[in-house]
Amino acid sequence: MALSVGVLAAEHIAVGLVKGHRLVKSMRMLNAESKGNALQAMPADQIARSICELIEAVRQGEPLQAVGVGFPGIIQDGVVQDSPNLQQIKGYDLGTTLSGMLAQRGLSARAVIFNDADVMAAGIAATRGQLHRMVRAWTLGNGIGFGRYPWVAGIWEGGHAVVTLDPKEYYCGCGGRGHLEGIMGHRAMRLRFLDLEPEEIFANARSGDARCEAFAKLWHRALAAATATSIHMDGPGDFYVGGQNARFIDLARLDRYLHDYVKMSPLQGSRFEVVATSDEVGVIGAAVNAERFLAGGSN
Ligand SMILES: [Zn+2]
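Bear in mind the structure is a predicted one, so any value in this text is a computation, not a measurement.

Caption draft 1: The sheet that holds strand β7 (residues 92-93), seen in detail. With antiparallel pairing, the 3 strands of this open sheet are ordered in space as β5-β6-β7. Each end of this open sheet is capped by a strand with a single partner; those strands are β5 (74-76) and β7. Note that strand β6 (residues 79-82) and β7 share 2 bridges and pair antiparallel. Bridged to Val80 within β7 is Tyr92.

See below:
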């Protein structure tokens, strides 16, 4: 069975050698010890070079069937059209650059670039034996990622779905009003509650603080609303919720709100599940997506 490499480049770079949808070699990380976002201060060419060097380190001369990279932002044909938290890479042709760097090292496999949330969805599908089904995933961090497996060309910026018409909702990192990320994003929560950390907001909500409880309700309703929009566009199914702030999810509450928003009988039957979304899951998903893309399968 052929080897592939998966890369997850979000905050730091994780790389893994993948065979048959399983990770066979431990990942090398860049600046794993650094706090915060190691990619933020890195010029675009250096990001590509670092990814290339890590791929070389992990493959150790072995030929590769596919190279898949998950990267935050809007990705089209290997070009990072926009990445709100990594402005230096806006417009950068990561796919062509990385493929060229790999070719110089004697590797003919083309690097295929995907949105980081899409590789997370693919990794969840692969590690749960769900590659025959549609899997959608929300990742709750500073940004709100929305991933879909099987991968299909498109924008799919579900984190910026409009979930309220209130013009005072302007906390989204992209500057848009009423966005899901403006309610659920970590940065957005800190901007809204200048005196409280997100942990404290949810703890206070549980102990009956009215302002925090009203926000916890809005937070869950926002995710239910964005999920309902996805269901109305793409049908019902399994929705996985991961990322650092998935710990605040109250599943019973989320299910209840979703039922308020989805009423047509053919659209019933969706399910939420909170999952741990590790680097390993994203790395496996990146490799799986690239293999499927290059095989021309359902893509
Ligand atoms: Zn936005």
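Caption draft 2: Local environment of unusual backbone geometry. With an omega of 0 degrees, the peptide bond running from Tyr149 to Pro150 counts as cis. Note that Pro150 resides in the loop between β10 (144-149) and α4 (180-184). One non-glycine residue, His21, adopts positive backbone phi at about 65 degrees. Along the polypeptide, His21 turns up in the loop between β2 (12-19) and β3 (22-30). Overall, the relative accessible area of 31% leaves His21 in the partly exposed class. Despite not being glycine, Asp77 has its phi angle at roughly 50 degrees, a positive value. Tracing the backbone through its elements, the reader meets Asp77 in the loop between β5 and β6.

Caption draft 3: Broad picture of the environment of Ala203. Secondary-structure assignment places Ala203 in helix α6 (residues 198-206). Residue classification places Ala203 among the partly exposed residues on the basis of a relative accessible area of 33%. Separated by 13 residues in sequence, Ala203 and Ala216 place their C-alpha atoms 9.9 Å apart.

Caption draft 4: Up close: the coordination of the zinc ion. Every protein donor of the zinc ion is accounted for by His160 (ND1), Cys172 (SG), Cys174 (SG) and His179 (ND1), and the metal-donor separations fall at 1.9 to 2.3 Å. Each of the 4 donor atoms around the zinc ion contributes to a set of angles spanning 99 to 117 degrees, which defines the coordination as tetrahedral. Written as a sequence motif, the donor arrangement for the zinc ion is H-x11-C-x1-C-x4-H. Placement of the pair is His160 in the loop between β10 and α4 and Cys174 in the loop between β10 and α4, with a sequence separation of 14 residues. Judged by relative accessible area, which is 18%, His160 ranks as buried. By relative accessible area, which is 42% here, Cys174 ends up partly exposed.

The rules behind these values
Residues numbered from 1 in each chain as written. Predicted model: local features only at pLDDT ≥ 70, side-chain atom pairs only at ≥ 80, totals over all residues. Heavy atoms only, no water. Pairing = 2+ DSSP bridges. Helix = DSSP H or I, 4+ residues; strand = E, 2+ residues; numbered from the N terminus. Buried < 20%, exposed > 50% of the residue type's maximum accessible area, 1.4 Å probe, protein only. Donors = N, O, S within 2.8 Å, 3.2 Å for Na, K, Ca; no water. Tetrahedral: all angles 85-135°; square planar, octahedral: opposite > 155°, others 65-115°.

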